[in-house]
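Analysis of the macromolecular model
Here are the chains, one letter per residue:
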Amino acid sequence: MTMNIMKKSLLTLALFSTSQLSQAGEVEVLHWWTSGGEAKSVSVLKEMMEKDGHSWKDFAVAGGGGESAMTVLKTRAVSGNPPAAAQMKGHNIQEWADLGFLTNLDDVAKQGNWDGILPKVVADTAKYEGHYVAVPVNVHRVNWLWANKAIFDKEGLKVPSSWDEFFKVGDKLKADGIIPLAHGGQPWQDATLFEAIALEKLGNEDYNKAFVELDQDVLSGDKMVEAFTTFKKVRDYIDSNSPGRDWNVATSMVINGQAAMQVMGDWAKGEFSAANKQPGTDYTCSPTPGTSNSFTFNVDSFAFFQIKDKENQKAQQDLAKTILSKPFQEVFNLNKGSIPVRLDMDMSKFDQCALDSMEAFKATADTGGLVPSMAHGMSTTSYVQGAMFDVITNFFNDNDADPKTAAEKLAKAVKAAQ
Ligand code: GAL
């Protein structure tokens, strides 16, 4: 017997004995929510499933942005043993569905009137050829600038609303021994910062042309060159220990006053909340410079895999239902820093950052300012995204890199990855 067959038989035996023991099913859920705020959020789902009599098998793979989680998922799925559900983003959902791995959730979607309660732009990302194969959990806004309020008050400074202001504020902070920008040097974080700058330089329309339509002229054009130029300049406002730093460690630098600001999606708010910090009092949230009329969206979803065990299938359906239930949507999103994915929620328990986010989400949906995040897998395929990450990160880490060459490289890399 080869190792693999042996492993598989042992696994079947193990699955058989657990299903004999329990009446209700088990859901194995893959996710990358391991920071303080994230772990608190996902534990709500675990508790609710357990309350319904199911058992929760946690499959957490650390690593913000989810790259490691996606690698582990591939190994598991290819060996014929996928989890019941896996945290996933827009285009990845389509890619997995296209390979035939995902299950149809139309029945539970119909019962819960998902088409009626979800914004269309969100519902579309969870569907494959018109059928639900995933359940959206939240809406994160990515273009946020987080700031430590005490630092700004003490320094007599205003949170910058343009990159020019950012550099002025940053110079003063540096002179006073404060790190202006907390950043973690990892490709997805570099891309998160870059897309915020690119959004300001390109504007909504050209942002979409570059990152959704993959327009070669815009990718290599003058505005993209400007984006790379500003991106490089921002590097001087980040400390030298940033390479490899996790995003939540960067957030904690803002929380404890070591750094003044961070550019990060509103999962950062989950860290402020877990540390008992209040918006408006301890910290502020504002759109990244020059992007108040835009909303870079990042919708976390769970993609549902085809699994064989009947009881586990039932548990899987219950999981799908629970995720979109009002009680879960409220507690989860309060902890996570995101806004509920349903638009019919009572928002009275949410703070000002969440209310601002909800307002911007609705407003930008009408004006064209609602744009998908490239850094978080919402705007294009994982292949193109990977190619963009490489160019962006290599540029950021190379002192001699030239912005014009970088924009040309970006266009070429995108073309090759299509
Ligand atoms: C994003 C994800 C967020 C947050 C972040 C850091 O990709 O959408 O929910 O968890 O990674 O882990």
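Residues numbered from 1 in each chain as written. Predicted model: local features only at pLDDT ≥ 70, side-chain atom pairs only at ≥ 80, totals over all residues. Heavy atoms only, no water.

What to know about the side chain of His140
Along the chain, His140 turns up in strand E7 (residues 138–141). Residue class for His140 comes out buried when judged on its relative accessible area of 0%. Within polar-contact distance, the side chain of His140 engages the side chain of Asn138 at 3.3 Å. At 2.6 Å, the side chain of His140 forms a polar contact with the side chain of Asp266. (Helix = DSSP H or I, 4+ residues; strand = E, 2+ residues; numbered from the N terminus. Buried < 20%, exposed > 50% of the residue type's maximum accessible area, 1.4 Å probe, protein only. Polar contact = N/O pair within 3.5 Å; in protein donor to acceptor, adjacent residues only side chain to side chain.)

Describing the state of the cysteines
Here the structure, examined in full by the defined rule, presents one disulfide. Note that Cys285 is cross-linked by a disulfide to Cys353, the S-S spacing being 2.2 Å. Here Cys285 and Cys353 share a disulfide; its torsion about the S-S bond, -105°, makes the bridge left-handed. Of this pair, Cys285 sits in strand E11 (residues 283–287) while Cys353 sits in helix H17 (residues 352–367), and the two are 68 residues apart along the sequence. (Disulfide = S-S within 2.5 Å.)

Side note on the nonpolar core
For soluble globular proteins, the rule of thumb is that nonpolar side chains tend to be buried together. One finds Leu193, Phe211, Met224, Phe228, Met261 and Met388 to be the most contacted residues of the largest nonpolar core, which totals 71 residues. Considering every element that reaches this core, the biggest residue donor is helix H10 (residues 187–211), with twelve residues. Excluding residues that lie within four positions of it along the chain, Met224 makes contacts with Phe194, Leu202, Ala210, Phe211, Val218, Leu219, Ala407 and Leu410. Counting residues in each nonpolar core, the second largest holds 66 residues, with Ile93, Phe297, Phe350 and Ala360 among its members. (Core = buried A, V, L, I, M, F, W, Y, C linked by side-chain atoms within 4.5 Å. Contact = heavy atoms within 4.5 Å.)

Observations concerning the domain arrangement of the protein chain
Each domain of the protein chain was delimited in the assignment, giving domain 1 (26–139 + 299–353) and domain 2 (144–297 + 360–417). The C-alpha-based centres of domain 1 and domain 2 are spaced at 27 Å. Opposite the 26 residues of domain 1 that make contact, domain 2 presents 28 residues. Between domain 1 and domain 2 lies a buried interface of about 2200 Å² when both sides are counted; carbon and sulfur atoms form 61% of it. Across the contact surface, domain 1 and domain 2 share one salt bridge. For the salt bridge of Asp351 with Lys269, the shortest nitrogen-to-oxygen distance reads 3.0 Å. Between the two partners, domain 1 and domain 2, sit seven residue pairs in polar contact (both at pLDDT 80 or more). Contributions of two or more residues to the side of domain 1 that touches domain 2 are made by helix H2 (36–51), helix H4 (90–98), helix H7 (120–125) and helix H16 (326–336). Ranked by residue count, the leading element in the side of domain 1 that touches domain 2 is H4, at four residues. Of the residues assigned to the side of domain 1 that touches domain 2, the class counts are eight nonpolar, twelve polar and six charged. (Domains from an automatic or database assignment. Buried area = accessible area lost by both parts, 1.4 Å probe. Salt bridge = Lys/Arg side-chain N within 4 Å of Asp/Glu carboxyl O. Nonpolar A, V, L, I, M, F, W, Y, C, P; charged D, E, K, R; others polar.)

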